[in-house]
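Architecture at a glance
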Amino acid sequence: MIEYQPVRASEYRNVGRLITGESRPFQLCLKCRCCAADDPKNCSSMPCCFGIDCDLPDKPYGVCAFTPKICNCDTCAV
């Protein structure tokens, strides 16, 4: 079985007042481009689990990254 990895770059957004003291995991299943781990020319568009990463180094407070985490998912249950 081929292991695929997301190749789409992170998108940075300021979430400002959306961040509260209550931190709950957030994931969303969307299409992204993934390539085989051992063959970067073997790529395909497939459903990916995206998550939000905050408290990033070299980014101001409130800026988070919406990044693909897992390729070829059916659901993004946490």
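By the naming in an unreviewed UniProt entry, the chain is DUF7866 domain-containing protein, taken from Acorus calamus.

Here we come to unusual backbone geometry. Of note in this structure, Asp-58 is not a glycine but carries a positive phi near 65°. Here Asp-58 shows up in the loop between β4 (39-53) and β5 (63-71). A relative accessible area of 80% means that Asp-58 is categorised as exposed.

This part covers the pattern of salt bridges. Counted by the stated rule, this structure contains one salt bridge. Of the charged contacts in the structure, one is a salt bridge between Lys-69 and Asp-53, with a shortest N-O distance of 2.7 Å. In this pair, Lys-69 sits in strand β5 while Asp-53 sits in strand β4, placing the two residues 16 residues apart along the sequence. Residue classification places Lys-69 among the partly exposed residues on the basis of a relative accessible area of 38%. Owing to a relative accessible area of 27%, Asp-53 belongs among the partly exposed residues under this scheme.

How each quantity is defined
Residues numbered from 1 in each chain as written. Predicted model: local features only at pLDDT ≥ 70, side-chain atom pairs only at ≥ 80, totals over all residues. Heavy atoms only, no water. Helix = DSSP H or I, 4+ residues; strand = E, 2+ residues; numbered from the N terminus. Buried < 20%, exposed > 50% of the residue type's maximum accessible area, 1.4 Å probe, protein only. Salt bridge = Lys/Arg side-chain N within 4 Å of Asp/Glu carboxyl O.

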